[in-house]
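# Chain and residue survey
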Amino acid sequence: MNTSTNEAVVVANGYLSRQAFWCRDLSTNFYMLGSMGLALSIGLGVALAQPHRRVAVLDGDGNLLMSLGALAMAGHMAPPNLMHIVIDNQQYASTGGQASLSGSVKMQMLALAAGYRIALEASDQAQLSEALEQMRATEGPSFLRVLVSAGVEVAPRVPRSPEEIARTFRKSIAGNET
Amino acid sequence: MTGADFCELTSALKYDFFTGVPDSTLGTALKVLESDLRYLYVPAVREDNAVGMAVGAYLGGKNPVVLMQNSGLGLCLNALTSLVSLYKIPLLLVIGWRGADEFDAPEHILMGSASPALLTAVGIPFWIPARDDVTSSLSVASLRSRSENSPVALLIRERVID
């Protein structure tokens, strides 16, 4: 995989997008605000349109479970540049911490059954670094479940208009082609 | 208009990423998209996934089209409002219109009669071309979509594309 260009990152709606923005805002980040469940679908579209750029989907467990069929689409098209990372806190944090069903689901097995090439799990910093390294060294689609504790610091909303989020991202990753 | 002509026409308008969920009204066009390697057609399992993927393709530099049956319109309303319209994505929707009159199968009647009002309610301009108007509708719709950065829809009755 050519890594000369920045990875594009599609971040799921809810606290994930907010945290990603305030943690490290990049022009190659796409912040979902609504359309819950569609992070993987959006990321798959980016990966197919930009086959020479690595695309990471930063998903949540609630988001993933809302649209499991998208796993079949990703596995079927199997873009080698797609990395799918699910931050699993086993709850819907931004709506008040209601439990999700993720504790009952072996999501790595779902990913492999759908056609992903590898599926990993990480529950601490060292495992996370190792897993990301492995994903970047192999062809995708690759899957990583990151087990995190519930109850994170709440970040403010993304202070950028949706139109600007889309324009910035598209210009950054496809600017010369459109 | 034949399905092959429809695909060529759409392609000539610089649309270069096709996705969707099958519909018999659009069957001949879908058959061409699936089999003719000149077209990039990516199958989706649900209409909201198709819309999400189309938006991703647009963000990656493509000009996407989503084909679906109107039964899927209800299913993807949230994707259309809180993704496509919200981020001002110029998406072309080609929607097979089942239940356009009361002579269709019972499961299509209610959504069939509600489809135009649903599109109006969420602010998506749409055209209902007759067989001879597909070319002009497509051309006007794509112009509008690109000048306003907004989704537009064609509601396709049975036998308009065959």
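Further up the page is the structure itself.
First, a word on what this report is: a plain description of the structure on this page. Numbering of residues begins from 1 in every chain and follows the order in which that chain's sequence is written. For this description, chains carry letters from A and ligands carry numbers from 1, given in the order in which they are written. Selection of residues for local features in this predicted model requires a pLDDT of at least 70, selection of side-chain atom pairs for listing and counting requires 80 or more, and totals for whole chains, interfaces and linings are taken over all residues.

### Regarding the overall build of chain B
Formally: Secondary structure elements are taken from DSSP: a helix is a run of H or I of four residues or more, a strand is a run of E of two residues or more, and numbering for both begins at the N terminus. Between the two quantities, the radius of gyration covers C-alpha atoms and the globule rule is 2.2 Å times the number of residues to the power 0.38. Any residue whose C-beta has 12 or fewer other C-beta atoms within 10 Å is treated as exposed, any with 20 or more as buried, and any in between as partly exposed, C-beta atoms being built from the backbone. Here, residues touch in the contact sense if the C-beta positions derived from the backbone fall within 7 Å of one another.
In terms of helices and strands, chain B carries 7 helices and 6 strands. Taken from the N to the C terminus, the helices and strands of chain B come in the order α-β-α-β-α-β-α-α-β-α-β-α-β. Against the 2.2 N^0.38 benchmark of 15 Å for 162 residues, chain B shows a C-alpha radius of gyration of 14 Å, consistent with a compact globule. Along the first, second and third principal axes, the C-alpha atoms of chain B reach 40 × 35 × 30 Å. For chain B, the residues scored as buried account for 49% of the 162 residues in total. Across chain B, contacts joining residues at least 24 apart in sequence account for 76% of those joining residues at least 6 apart.

### Side note on the environment of Ala119(A)
Residue and element names in this part refer to chain A. Residue placement: Ala 119 occurs in strand β7 (residues 118–122). The exposure class of Ala 119 is buried, given the 20 C-beta atoms found within 10 Å. Separated by 85 residues in sequence, Ala 119 and Gly 34 place their C-alpha atoms 27 Å apart. When residues no more than four places from it in sequence are discounted, the contact partners of Ala 119 are Gln 108, Ala 111, Leu 112 and Phe 143.

### Comments concerning the pairing of β7(A)
Residues and elements named next belong to chain A. Our working rule: For two strands to be treated as a pair, DSSP must find at least two bridges joining them. Whether a crossover is right-handed comes down to one check: with the strands pointing away from the viewer, does the path from the first strand over the helix to the second run clockwise; if it does, it is right-handed.
Note that β7 and strand β8 (residues 142–147) share 5 bridges and pair parallel. Along β8, the bridge assignment pairs Ala 119 with Phe 143. In this fold, the crossover linking β7 to β8 by way of helix α6 (residues 125–137) has right-handed handedness.

### Some words on the sheet that holds strand β1 (residues 17–20) of chain B
Taken together, the 6 strands give an open sheet; going across it, the order is β2-β1-β3-β4-β6-β5 (chain B), and neighbouring strands pair in parallel fashion. Pairing within the sheet leaves two strands with one partner each, and these edge strands are β2 (41–43) and β5 (126–127) of chain B.

### Observations concerning the packing of helix α2 (residues 39–49) of chain A against helix α4 (residues 69–77) of chain A
All names here are of chain A. For the record, the criterion: For helices, the fitted axis covers only the stretch in contact; all axes are lines through C-alpha atoms, and the angles between them, taken along N-to-C directions, range from 0 to 180 degrees. Orientation categories follow fixed angle ranges, with anything under 35 degrees roughly parallel, anything over 145 roughly antiparallel, 65 to 115 roughly perpendicular, and all other angles oblique. Handedness of a crossing is defined here by the sense of rotation of the near helix relative to the far one, left-handed for an anticlockwise turn of less than a right angle and right-handed for a clockwise turn. Classification convention: Asp, Glu, Lys, Arg as charged; Ala, Val, Leu, Ile, Met, Phe, Trp, Tyr, Cys, Pro as nonpolar; all other residues, Gly among them, as polar.
Two elements in contact, α2 and α4, have axes whose closest approach is 9 Å; the angle formed by their N-to-C orientations is 20 degrees. Considering the angle they form, α2 stands roughly parallel to α4. By crossing handedness, the relation of α2 to α4 is classed as left-handed. Here α2 contributes Leu 40, Ser 41, Leu 44 and Leu 48 to the contact with α4, which in turn contributes Ala 70, Met 73, Ala 74 and Met 77. A breakdown of the residues in the contact of α2 with α4 according to their chemical character gives 7 nonpolar, 1 polar and no charged.

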